[in-house]
Amino acid sequence: VFDFFGHAYEEMFLTSTKAKAHGQFFTPMEISRLLADLECCGLEFGENIVRVCDPCAGSGRLLLSAYRKLYRDETAMKHHRFLFMAEDIDIVACKMTALNIMAHAAYGCVVCHDVLAMSPPQTVYIVNECNAPDFTPLFSIRTLTGDEASKWFFGGGPESLELRYKIDMAED
């Protein structure tokens, strides 16, 4: 699993001066893998749906590392589905995360807002709805903006993704 979008963004746009000015420092992939290995080591999944969340997602490296770890676990894959949820204040970072989730055929959402202030989201990306819960060769990103994004987020949108996933699993 490689974070092409984050790597390209860092190389092209995130000079040390800009990074310091914006306080934007992406976690190195090796650290993300280490964190995912530590977090996912010996997990006992109590539910069919496992939520993987990152409130400061950047380009989604931690989610990609968790994806890599979880999807290599045959037992976890046989009995569970994974819902990846990301939040970030930077719209470019949110777009990179949504693209990374989509490109890896994962399922989830990316919310662009100030997590600490719990501000209404500017944009919400719902990723690979057509893939849930089974893999298909179709990939998608649905974009919600403005009032539509706020209504979705504060009206139980993330929970509705999980509910839809459970219904789809029950039909299998």
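Structure first, text after, so check above.
All of these numbers come straight from a predicted model, not from anything done at the bench.

Peer 1: Looking at this structure, I do not really get the environment of Thr-143. What am I missing?
Peer 2: Its place among the elements puts Thr-143 in strand E5 (residues 141–145). Thr-143 sits 20 residues away from Thr-123 along the chain, and the two C-alpha atoms are 6.9 Å apart. Ignoring any residue separated from it by four or fewer positions in sequence, one finds Thr-143 in contact with Thr-123, Val-124 and Tyr-125.

Peer 1: Honestly, the pairing of strand E4 (residues 123–127) in this entry has me stumped. Any pointers?
Peer 2: Both faces of the sheet carry side chains from a regular strand, because those side chains alternate between them. Where burial is concerned, most of E4 is hidden: five out of the five residues are buried. By the alternation rule, side chains of E4 split into Thr-123, Tyr-125 and Val-127 and Val-124 and Ile-126, which are all buried. As defined by bridge partners, strand E3 (residues 108–112) adjoins E4 across five bridges and the pair is classed as antiparallel. Following the sheet pairing, Val-110 is matched in E4 by Tyr-125. In terms of strand pairing, E4 meets E5 through five bridges, oriented antiparallel. Residue pairing across strands places Thr-123 opposite Thr-145, the latter belonging to E5.

Peer 1: Would you mind going over the sheet that holds E5 with me for this structure?
Peer 2: Strand order in the open sheet made by the five strands is E1-E2-E3-E4-E5, with mixed pairing throughout. Two strands in the sheet have a free side with no partner beyond their single neighbour: strand E1 (49–54) and E5. Each strand axis lies, on average, 15° off the axis of its neighbour in the sheet, ignoring direction. Sheet topology places strand E2 (residues 81–88) next to E3; five bridges connect them, and they run parallel. Across the sheet, the residue bridging to Asp-88 is Cys-112, located in E3. Docked against the sheet, helix H4 (residues 61–71) engages E1 and E2, running at close to 170° with respect to E2.

Calculation criteria
All residue numbers refer to positions counted from 1 along the written sequence of the respective chain. Local features in a predicted model are, by the rule used here, given only for residues with pLDDT of at least 70; side-chain atom pairs are given and counted only at 80 or more, and totals for whole chains, interfaces and linings are based on all residues. The basis for the side-chain values is all heavy atoms of the structure; hydrogens and waters are excluded. Under the DSSP-based scheme used, a helix requires at least four consecutive residues in state H or I and a strand at least two consecutive residues in state E, with every element numbered from the N terminus. In this analysis, two residues are considered to be in contact whenever any of their non-hydrogen atoms come within 4.5 Å of each other. A 1.4 Å probe rolled over the protein chains alone gives each residue an accessible area, and that area as a share of the maximum for its type sets the label: buried under 20%, exposed over 50%, partly exposed in between. Only strands joined by at least two bridges in the DSSP assignment are considered to pair. Angular values range over 0 to 180 degrees, each being the angle between N-to-C directions of two axes fitted as lines to C-alpha atoms, with helices fitted over their stretch in contact.

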